[in-house]
Amino acid sequence: MKPRLKPGLSFTLLAAALIVVPWILRWADMEYCLTQLTMSLYYAIVVLGLCLVMGYAGQVSLGHGAFFAIGGYTSAVLTTCDVSKWQTAAWLGWIKQSPFCMAREDLFGNPILTLSPWVAFFAAMALAFVVANLIGYPALRLRGHYLAMATLGFGMIVNKVILGTAFTGAADGINGVPEWNLGLGLTVSGKRALRIENYFIASGLLLLLLVLLHNLVRSRVGRALQAIHDRETAANAMGINTALYKLKAFVLSALMAAMAGVFLTHYTAGIGPSEAGALKSVRYVALAAAGGMSSLWGVTGMSTLLNYMSLRGLFGSYDNAVFGLLLIGIVSLAPEGPLKPLARLLRRFVGACRPPNAVGPDAARPDNGPARRASDQTQCLFP
Amino acid sequence: MESGNLELQYFLSGITKGSIYAVVAIGFNLIYSATGVLNFAQGEFVMLGGMVAVTLARFVPLPVALAGAVAIVALVGCLLEILFFRRLQRHSILHLVIITIGLSIVLQEIALHLWDEKVRSLPYFTGNEISSLKFFGAAISPQVFWVLATVAVTVVLLHIFLKYTLPGRAMRAGSSNPSAAMLAGINIANMRTLAFGLSAAIGALAGCVISPITMTHYEMGAPLAIKGFAAAILGGLGNPMAAVLGGLMVGVLEAYSVSRLPAAYSDVTVFAVLLLVLFARPHGFWGRPGGESVREH
């Protein structure tokens with residue numbers, strides 16, 4: 001087995017790198033880049049969750065944009081809807097005194113009374129949890145293309161319901177979402193003064209979820225998911241409750257998408273219906289594929305990089321074309337993600353020490369011999 | 001009396017839309033049978049067909065332009081297979097599907113930069129925008145009959161091709177058992193190229209006949225691909241005739257929903273029904289569940 005950096009060390013290195021970025025940008029006088037970087041870190045959380053479902057459990061979801069939107073919209077609706085008009089209700093008088101509510105001014109300076117972002121956050125997570133279970137329980141019995149269609153259809157339904165409903169703002173979306181005071185002096189907000197702070201909130205959240213997933217895929221659950229990925233029927237025969245594990249992975253990743261939705265909605269102070277669009281969901285899947293699908297590091301890195309480039313508009317009107325070409329290039333030349341071939345190259349030059357970013361799923365199986373081909377890992381996705 | 005005509009009007013508009021979805025779904029099915037891949041660029045073939053035909057129609061008579069568009073797009077389909085799918089033997093199905101997503105984005109961008117973002121359309125094949133035929137009290141544009149006739153003829157010809165001609169039978173043999181077909185002397189790789197070409201040609205033809213009604217636009221491909229995908233899944237993958245029925249069902253359902261609910265909810269109805277069908281029948285109406293072994297392969 002080749003020597004590799006300990007996970008603890010690689011996470012420390014990543015954290016150090018994330019901390020250094022704002023200072024470098026400040027030194028280069030490019031601090032404005034942090035805004036897009038923060039947004040792409042939040043989007044990376046969605047793709048990271050998808051990585052668990054696709055790369056580890058071997059199930060396709062073309063509906064993750066919908067979970068992002070469910071999170072974002074629940075939070076946006078609850079924190080912008082003025083509840084003071086229902087003050088006559090007895091229970092509301094009580095709630096008004098409680099910390100669940102927040103009196104503030106809307107965009108036009110009128111005083112309004114809305115639910116606090118924390119309440120909205122928990123409501124959003126609860127709703128995403130319920131919806132993910134409701135849709136995941138029947139849908140995950142489907143295989144391959146049929147599952148892809150079911151999740152795509154679910155995403156379309158959510159998108160069109162948002163577009164056709166008045167209180168979600170129809171095609172305009174929702175504006176004027178307040179900032180979110182997390183406590184400990186941290187505030188999720190798009191204000192210019194809080195740019196660095198918000199970058200750290202996003203990267204801290206991403207790092208936390210990365211560590212959690214890293215541990216999860218190396219646990220009993222992770223091994224069960226991998227068995228389902230490789231051959232579902234065999235996993236079933238070995239006594240793994242495949243339906244339950246698939247559902248758990250799906251719900252967990254849906255919650256991650258919803259969480260990213262809540263944070264990003266507070267960060268950008270609004271959300272629009274395109275977040276739930278089919279193209280958005282397809283793009284998440286494409287980003288996960290471009291990152292290598294079962295490589296947590298590769299997926300995080302690629303999705304942050306590609307999203308950042310397109311949010312900054314580096315390629316102007318050729319943005320989609322560049323994305324499509326990159327996608328085709330990466331998936332056809334390096335289906336296991338760009339990190340492993342890079343790591344191989346690096347190793348050839350540097351020597352025995354493997355770089356930290358090459359921690360792939362095969363680390364869970366140290367006795368597996370040489371790294372398996374990418375096609376082996378995903379062959380059974382469509383039996 | 002009046003409402004009866006209205007119902008017929010909605011029904012016919014549903015059948016028209018549905019027949020286009022059916023054509024896209026047939027394209028999905030041809031490529032799925034040959035390669036196991038769902039080709040997300042299928043909608044782009046429809047768009048390209050319309051675009052090329054509109055451009056050619058400026059220089060040559062309409063029938064020649066249509067034939068030219070179909071031939072050019074078929075060539076594009078064959079080229080995609082030869083350039084990508086023939087070479088990517090070791091890639092998993094999911095990776096190939098992702099590549100078709102990439103191809104669809106790139107084709108769309110090429111169309112955007114080759115032409116522009118304007119909406120364009122072919123002239124009506126017979127008559128014009130305001131001419132209509134009375135059909136049991138419903139007013140129908142003559143182009144609708146062109147669409148229906150083209151789709152019907154295509155489906156019949158395709159059926160005859162797959163069932164009774166040597167290349168068609170070779171294609172079916174290749175999809176039902178590639179190794180056995182190879183042993184029987186069938187060139188599987190060429191059959192896949194043929195499937196891509198055929199599927200692109202059928203898509204392009206659909207793109208031409210609907211162009212006067214729905215217009216042609218560089219972004220029209222993705223929504224059509226999603227509906228065609230839904231139609232193929234509803235019918236059950238691997239069976240082009242089931243795809244036709246699936247397409248018609250999706251179209252009629254959509255038109256029915258438009259007649260009863262706000263227009264924004266037409267997709268909600270379609271996909272809600274699709275989900276319910278899938279939950280009850282996990283392989284669509286006419287799809288067959290594939291057996292699976294537990295052996296390592």
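Computed from a predicted structure; not experimentally measured.

**Quick word on the overall build of chain A**
(1) Moving on: A count of helices and strands for chain A gives 15 helices and 6 strands.
(2) Moving on: Expressed as a percentage of its 383 residues, the buried residues of chain A come to 58%.
(3) Moving on: If you take every contact in chain A between residues at least 6 apart in sequence, the share linking residues at least 24 apart comes to 76%.

**Considerations on the interface of chain B and chain A**
Size of an interface: often given as the accessible area lost when the parts come together.
(1) Moving on: Between chain B and chain A, the contact holds 49 residues from the first and 54 residues from the second.
(2) Moving on: Overall, the association of chain B and chain A removes approximately 4300 Å² of surface from exposure, summing both partners, and the carbon and sulfur fraction of that is 76%.
(3) Moving on: Along the contact surface separating chain B from chain A lie 1 salt bridge.
(4) Moving on: For Asp267 of chain B, the salt bridge goes to Lys160 of chain A, with nearest N and O atoms at 3.5 Å.
(5) Moving on: Here chain B and chain A share 8 residue pairs in polar contact (both at pLDDT 80 or more) between them.

**Description of the pattern of salt bridges**
(1) Moving on: Summed over the entire model, instances satisfying the criterion amount to 9 salt bridges over all chains.
(2) Moving on: Here Lys227 of chain B and Glu254 of chain B are joined by a salt bridge, their closest N and O atoms 3.0 Å apart. Remark: Glu254 of chain B occurs in helix 10 (residues 240-260) and Lys227 of chain B occurs in helix 9 (residues 221-235); sequence separation between them is 27 residues.
(3) Moving on: By relative accessible area, Glu254 of chain B is classed as buried at 5%.
(4) Moving on: What you see here is one network of salt bridges that share partners, running through Lys160 of chain A together with Lys17, Lys227, Glu254 and Asp267 of chain B.

**Here we look at helix 11 (residues 266-280) of chain B**
(1) Moving on: In this model, helix 11 of chain B (15 residues) spans 22 Å end to end at C-alpha, consistent with the 21 Å of a helix rising 1.5 Å per residue.
(2) Moving on: Where the residues of helix 11 of chain B are buried, they touch helix 5 (117-139) and helix 6 (144-164) of chain A together with helix 9 and helix 10 of chain B.

**Brief notes about the pairing of strand 4 (residues 180-183) of chain A**
Residue and element names in this part refer to chain A.
(1) Moving on: Looking at chain direction, strand 4 and strand 5 (residues 186-188) are connected through 3 bridges and run antiparallel. Across the sheet, Asn181 pairs through a bridge with Thr187, a residue of strand 5.
(2) Moving on: Hairpin connection of strand 4 to strand 5: 2 residues between the antiparallel strands, including Leu184 at a positive phi of 60°.

**Observations concerning the nonpolar core**
(1) Moving on: With 206 residues, the main nonpolar core has Tyr42, Phe67, Phe154 and Phe263 of chain A together with Phe229 of chain B as its most contacted residues.
(2) Moving on: Of all the elements, helix 2 (residues 33-56) of chain A adds the most residues to this core, at 17 residues.

**Concerning the side chain of Gln42 of chain B**
(1) Moving on: For Gln42 of chain B, the location among the structural elements is in helix 2 (residues 42-56).
(2) Moving on: For Gln42 of chain B, the residues in contact, after removing those within four places along its chain, are Val24, Gly27, Phe28, Ile31, Ser199 and Gly203 of chain B.

**Concerning the environment of Leu8 of chain B**
Residues and elements named next belong to chain B.
(1) Moving on: On the secondary structure map, Leu8 appears in helix 1 (residues 2-35).
(2) Moving on: In this structure the C-alpha to C-alpha distance between Leu8 and Ala139, which are 131 residues apart in sequence, comes to 9.5 Å.
(3) Moving on: What Leu8 contacts, discounting residues up to four positions off in sequence, is Phe135, Phe136 and Ala138.

**Quick word on the packing of aromatic side chains**
All names here are of chain A.
(1) Moving on: One pass over the full model with this rule turns up 20 aromatic pairs over all chains.
(2) Moving on: Look at Trp118 and Phe122: their rings are 5.9 Å apart centre to centre, the planes differ by 25°, and that puts the pair in the stacked class. One end of the pair, Trp118, and the other, Phe122, are both in helix 5, 4 residues apart, so they sit about a helical turn from each other.
(3) Moving on: An angle of 80° between the planes, with centres 6.4 Å apart, marks the rings of Phe121 and Phe263 as edge-to-face. Taken together, the positions of Phe121 in helix 5 and Phe263 in helix 10 (residues 242-268) put the pair 142 residues apart, joining distant regions of the chain. In this pair, the class of Phe121 matches that of Phe263, namely buried.

**Some words on the confidence of the model for chain A**
(1) Moving on: For chain A, per-residue confidence averages 79 on the pLDDT scale, and residues scoring 70 or more make up 83% of the total.
(2) Moving on: Contacts for the low-pLDDT stretch residues 359-383 of chain A, under 50 throughout, to residues beyond four places or in other chains number 55 contacts.

**Describing a nonpolar patch on the surface**
(1) Moving on: Together, Leu342, Leu345, Leu346, Phe349 and Val350 of chain A make up a nonpolar patch on the protein surface, roughly 540 Å² of accessible area in all.
(2) Moving on: The residue Val350 of chain A is located in helix 14 (residues 339-350) in this model.

**Some points on the packing of helix 7 (residues 195-216) of chain A against helix 10 of chain A**
Residue and element names in this part refer to chain A.
(1) Moving on: Between helix 7 and helix 10, the shortest axis-to-axis distance is 12 Å and the interhelical angle comes to 175°. Taken together, helix 7 and helix 10 sit at an angle that is classed as roughly antiparallel. Mapping the contact onto sequence places Asn198, Ile201, Leu205, Leu209, Leu213 and Leu216 in helix 7 and Leu252, Met256, Met259, Phe263 and Tyr267 in helix 10.
(2) Moving on: Taken together, the residues of the contact of helix 7 with helix 10 break down into 10 nonpolar, 1 polar and no charged.

**Some points on unusual backbone geometry**
(1) Moving on: The phi dihedral of Met293 of chain A is positive, around 60°, even though this residue is not glycine.
(2) Moving on: If you trace the backbone, Met293 of chain A turns up in the loop between helix 11 (278-290) and helix 12 (296-312).
(3) Moving on: One non-glycine residue, Met215 of chain B, lies in the positive phi region at around 70°.

**So, helix 10 of chain B**
Residues and elements named next belong to chain B.
(1) Moving on: Taking 1.5 Å as the rise per residue, helix 10 with 21 residues should run 30 Å; its terminal C-alpha atoms sit 30 Å apart, in good agreement.
(2) Moving on: Of all the positions in helix 10, only Pro240, Ala242, Ala243, Val244, Gly246, Gly247, Val250, Gly251, Glu254, Ala255 and Ser257 are classed as buried.
(3) Moving on: Its side-chain oxygen 3.1 Å from the backbone nitrogen of Met241, Asn239 forms the N-cap of helix 10.

Calculation criteria
- Residues numbered from 1 in each chain as written.
- Chains lettered and ligands numbered in written order.
- Predicted model: local features only at pLDDT ≥ 70, side-chain atom pairs only at ≥ 80, totals over all residues.
- Heavy atoms only, no water.
- Helix = DSSP H or I, 4+ residues; strand = E, 2+ residues; numbered from the N terminus.
- Buried < 20%, exposed > 50% of the residue type's maximum accessible area, 1.4 Å probe, protein only.
- Contact = heavy atoms within 4.5 Å.
- Buried area = accessible area lost by both parts, 1.4 Å probe.
- Salt bridge = Lys/Arg side-chain N within 4 Å of Asp/Glu carboxyl O.
- Polar contact = N/O pair within 3.5 Å; in protein donor to acceptor, adjacent residues only side chain to side chain.
- Expected span 1.5 Å × (residues − 1).
- Pairing = 2+ DSSP bridges.
- Core = buried A, V, L, I, M, F, W, Y, C linked by side-chain atoms within 4.5 Å.
- Phe/Tyr/Trp six-rings, centres within 6.5 Å; stacked < 30°, edge-to-face > 60°.
- pLDDT = per-residue confidence, 0-100.
- Patch = residues over 30% accessible without salt bridge, like charges linked within 9 Å, V, L, I, M, F, W, Y side chains within 5 Å.
- Areas by Shrake-Rupley, 256 points an atom, 1.4 Å probe, with all protein chains shown as cover.
- Axes fitted to C-alpha atoms, helices over the stretch in contact; angles between N-to-C directions.
- Parallel < 35°, antiparallel > 145°, perpendicular 65-115°, else oblique.
- Nonpolar A, V, L, I, M, F, W, Y, C, P; charged D, E, K, R; others polar.

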